[in-house]
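Reading the structure
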Amino acid sequence: MRPETALGPSEVEAPAPPPGPATASLPSRETTSARDRARGLVRWESALVILLVATVLIGALTSRQFLTSTNIFSNVCLLYGELAIMTLPMTLVILAGEIDLSIASILALSSSLVGYLWENHWPMPLIMVCVLGVGLVCGAFNGILVTRFGLPSLAVTIGTKTLYAGIAEIVLGPAIITNFPSGYTTIGVNPFPGTHQLLSYSAVFFIVLAVIFGIVLHATSFGRSVVAIGWNKEAAQFAGIRVKRVKTLLYMVSGLMGSLAGILYTFRLSTAESDNGVDLVLPVIAVVLLGGVSIFGGKGTLVGVILGLLVYCGLQSALLLTNFNANALEIVTGGLLLLSVLIPNAGELTARARRFMNRYRVSGTS
Amino acid sequence: MSALPDAVEGAGTEAGSGSRRLADVIFRVREFGIIAVLLVFVAITSAIQPRFIDVQNIKFVFFNAVLFALLALGETMVVLTRNIDLSVSSVLGLSAYLSAHLFSQVHGVPIVVVFLAGLVIGLACGVVNGAITAVARVPSLVVTLATLYIFRALDVIIVGGGMVVASTLPNSFLAITTSSVGAVPYLAIVIAAVVLAGAFYLRSFRSGRELYAIGSNPAAATLAGIPTGKRIFSAFVISGGIAGIAGVLWAATYGTIDSTAGYGYELTVVAAVVVGGVNIFGGSGTVTGAALGALLLATINQALYVLGISSFWDLAIDGFLIVVAISLDHWISVRLTSALRKRSLQHAT
């Protein structure tokens, strides 16, 4: 029944592609990636450097405030510190071929817990340890569902995204906690000492963590095994990599970083609320993809992600200063995201377009 | 032998007619599973609080479920082909504002025209998604994440600080969502019919079956002569069109529309689809299942409300349910595959 309907009439009524180009352009990711390497016109990281320079130039030319320390501190470091921290584990998770949509909900849950426990007169250091532990547990739960139950991470983390955000609502309800001690809230809003009023605590955290993540990802066997898993899970398994353990660990790191971001977020706003930062997950993923990490895993660098992050933050802050319709900033995010997947494929695209034109020219003359 | 997993995933082969019957039964059981959970939930809730099954309350459930069910229909078409459409919420927002805005701009504009406007906006967005995904062969998750931002930003630019208020909308328009026969809104009947039509299409039309084939194995589908790109393109266009219509219905439901209409809905729609038993990697699942998934989520939220459980529990229970549904679905399909394999071995000997 199936072969008849698929091959019989369809070849007559629909202009079925000739077998040659059809097999050559099968949407298989192995061949696509190989082609990327062979034919990619521009390395996306190079494009990002150009974009970053352009962003800084535009920002500096259109507004005198752009390169001031006030702007860099309050409009870049403070605003995007937590987002930046979350891009690090997200990079590893996506490189391993999975995704974690629940990280921002872990942020919200952590923020709620900080507020709830503070209301119940726990000492702050204990609260922090406790909240980081909860982040680890949330991440481990994701990891176990994905690796031991073999469930697709896209679906699982849509579920746990809702679940963790829901637990945050249960913990705190409608309450808004704001009476945090100033010793901690200054961490959220004051510059880190010795950085010329330039960097926030969250930015310093990010820089330190980025160095650690960079070394782990690019210079240790663990980091290489992450990429190997994303590139080809079966091959990695046969090469002796403990795929499930590595992935579970990545999800735990993701949860831990989500919690850290939650604590910093709470201190920055001096407010614990159940929906703190829950919408941050798509921007985090957007930045990682913008950095040239393949959504299928196995391809991408942390340098690319950091460049992507700088372009993202720089553009947003430049556009804010130029009185660009602030709400429409996301059009730039979306546009960049599209470019990040289209430009590395540009060579392949033009080749396919030429083939397409040729086919029609041939059929037109015959 | 090697064709078996395809039979499981809904492609259906002639050789596996025996196993197909088994698969059919289990697929039906899968939808029955959701219905059973639904009935158990209704039974328990109404036993504790009889108010749950009064007319007003049932109306509320349908009121909340219909938009969801409609969006789930479009999303299912896309998910079946191993793609995803995250931009539905932004398309909905764009269409909700632009179509409802017509009432104040063009005096006495017929409601049909407003619906057509919503449809065209949705189709246009769907064409953008489909063209980039199918022609440029870029992963749809990235494409629709990008258009999620772009369409929402367009919405924000167009709407600015303005909003459409219910007083500018004609009563006949607002009545679309509120008028009902007994406890069932007319709209729910219409949408049930649309969902059934969609189910019939996916079940019985060649192009419908091809969506399953593409999702089961894209490379094999291309080799079998299925115009993969064209089908994926159409799936995105349909999803966009449906989101456009859903936008008009959103406007009729809520009356007040600003630039945040539908914000954050994208993952909820995917959740309903997944709860409805559609495989997130394509190839299996039905639109009736997805619509029932939407109905189940709406019922549970209303049940919690009626039982007087704080609405702060809603989200957590939704999330828990999604996780359970995915696990259950995975467990069933693993069982099904091994059952089919055993069966075919028996046939072979």
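Next up on the list: the overall build of chain B. Secondary structure summary: chain B contains 14 helices and 2 strands in total. Expressed along its principal axes, the backbone C-alpha trace of chain B runs to roughly 75 × 55 × 30 Å. Contacts spanning at least 24 positions in sequence make up 78% of the contacts within chain B whose residues lie at least 6 apart.

Right, let's get into the overall build of chain A. Within chain A, the regular secondary structure consists of 17 helices and 0 strands. Here chain A holds 366 residues, and 47% of them are scored as buried. Contacts in chain A between residues far apart in sequence, at least 24 positions, make up 79% of those at least 6 positions apart.

This next bit is on the packing of helix α12 (residues 266-275) of chain B against helix α13 (residues 287-306) of chain B. Residues and elements named next belong to chain B. It is at 7 Å that the axes of α12 and α13 come closest, and there the two elements cross at 110°. Comparing their axes, α13 and α12 come out roughly perpendicular. Crossing handedness for the pair α12 and α13: right-handed. Facing α12, whose interface residues are A272, V273 and V275, α13 presents A290, G293, A294, L296 and L297. When grouped by side-chain class, the residues that make up the contact of α12 with α13 number 7 nonpolar, 1 polar and no charged.

Moving on: helix α14 (residues 281-290) of chain A. Of all the 10 residues making up α14(A), 9 are buried; the element is thus mostly covered by neighbouring parts of the structure. Residues V281(A), P283(A), V284(A), I285(A), A286(A), V287(A), V288(A), L289(A) and L290(A) constitute the buried set of α14(A). Looking at the packing, one finds that the buried side of α14(A) touches α5 (69-95), α6 (103-119), α8 (153-172), α15 (302-321) and α16 (330-342) of chain A together with α6 (140-159) of chain B. Immediately beyond the C-terminal end of α14(A), within one or two residues, lies G292(A), with a positive phi of roughly 90°.

Mean pLDDT over chain B works out to 85, with 91% of the residues at or above the 70 mark. Segment residues 1-15 of chain B: pLDDT under 50, and 40 contacts once partners within four positions in sequence are set aside and those in other chains are kept.

So, about the interface of chain A and chain B. On the chain B side, the residues contacting the 55 residues of chain A number 50 residues. Secondary-structure elements contributing two or more residues to the side of chain A that touches chain B are α1 (2-13), α8, α14 and α16 of chain A. If you tally residues by element for the side of chain A that touches chain B, the top one is α8(A), at 14 residues.

Residue and element names in this part refer to chain A. In this structure, S225 sits in helix α11 (residues 221-231). Separated by 11 residues in sequence, S225 and A236 place their C-alpha atoms 7.3 Å apart. When residues no more than four places from it in sequence are discounted, the contact partners of S225 are A236, I241 and V246.

Turning our eyes to something else, we now look at the environment of Y312(A). Residues and elements named next belong to chain A. Structurally, Y312 can be placed in helix α15. Looking at Y312, the number of C-beta atoms within 10 Å reads 26, which means it is buried. Sequence separation between Y312 and L290 is 22 residues, and the spatial gap between their C-alpha atoms is 8.4 Å. Those residues in contact with Y312 that lie beyond four places of it in its chain are V287, L290 and T333.

Attention shifts here to the nonpolar core. Within the largest apolar cluster, 215 residues are counted, with the highest numbers of intra-cluster contacts made by V284(A), A69(B), A72(B), V274(B) and A294(B). Excluding residues that lie within four positions of it along the chain, V274(B) makes contacts with A155(A), I158(A), I280(B), I322(B), A325(B) and I326(B).

Our next topic: the confidence of the model for chain A. Looking at chain A as a whole, its pLDDT mean stands at 84, while 86% of the residues score no less than 70. Residue range residues 1-40 of chain A is modelled with pLDDT below 50. Its contacts to residues more than four positions away, or to other chains, number 34 contacts.

Residue and element names in this part refer to chain A. With 19 residues, helix α10 (residues 201-219) should cover 27 Å at 1.5 Å per step; its first-to-last C-alpha distance of 27 Å lies within 8% of that length. Looking only at α10, the buried set comprises Y201, S202, A203, F205, F206, A210, F213 and L217. Angular distribution of buried residues about the axis of α10 spans 160°; they occupy a single face of the element. The exposed set on the far side of α10, more than 90 degrees from its buried face, consists of V208, V211, I212, I215 and A219.

Residues and elements named next belong to chain B. Taken N-terminus to C-terminus, the directions of helix α4 (residues 88-105) and α6 make an angle of 20°; their axes are 8 Å apart at the nearest point. Overall, the two elements α4 and α6 adopt an arrangement that is roughly parallel. The crossing of α4 and α6 is left-handed. Taking contact as the criterion, the partners of S90, V91, G93, L94 and Y97 in α4 are, on α6, L148, F151, R152, L154, D155, I158 and V159. Across the contact of α4 with α6, the residue classes break down as 8 nonpolar, 2 polar and 2 charged.

This part is about unusual backbone geometry. In the Ramachandran plot, H121(A) falls in the positive-phi region, its phi being about 60° despite a non-glycine side chain. Mapping H121(A) onto the fold places it in the loop between α6 and α7 (124-147). Its identity is not glycine, yet R82(B) carries a phi of approximately 65°, on the positive side. Note on placement: R82(B) falls in the loop between α3 (55-80) and α4. By the C-beta count within 10 Å, which is 21 here, R82(B) ends up buried.

Residue and element names in this part refer to chain B. On the secondary structure map, K230 appears in helix α11 (residues 228-254). Given 14 C-beta atoms within a 10 Å radius, K230 is considered partly exposed. Between the C-alpha atoms of K230 and G130, which are 100 residues apart in sequence, the distance is 8.9 Å.

Calculation rules
- Residues numbered from 1 in each chain as written.
- Chains lettered and ligands numbered in written order.
- Predicted model: local features only at pLDDT ≥ 70, side-chain atom pairs only at ≥ 80, totals over all residues.
- Helix = DSSP H or I, 4+ residues; strand = E, 2+ residues; numbered from the N terminus.
- Contact = placed C-beta atoms within 7 Å.
- Buried ≥ 20, exposed ≤ 12 C-beta atoms within 10 Å, placed from the backbone.
- Axes fitted to C-alpha atoms, helices over the stretch in contact; angles between N-to-C directions.
- Parallel < 35°, antiparallel > 145°, perpendicular 65-115°, else oblique.
- Left-handed = near helix turned anticlockwise from the far one by under 90°.
- Nonpolar A, V, L, I, M, F, W, Y, C, P; charged D, E, K, R; others polar.
- pLDDT = per-residue confidence, 0-100.
- Core = buried A, V, L, I, M, F, W, Y, C linked by C-beta atoms within 7 Å.
- Expected span 1.5 Å × (residues − 1).
- Arc of directions from axis to C-beta.

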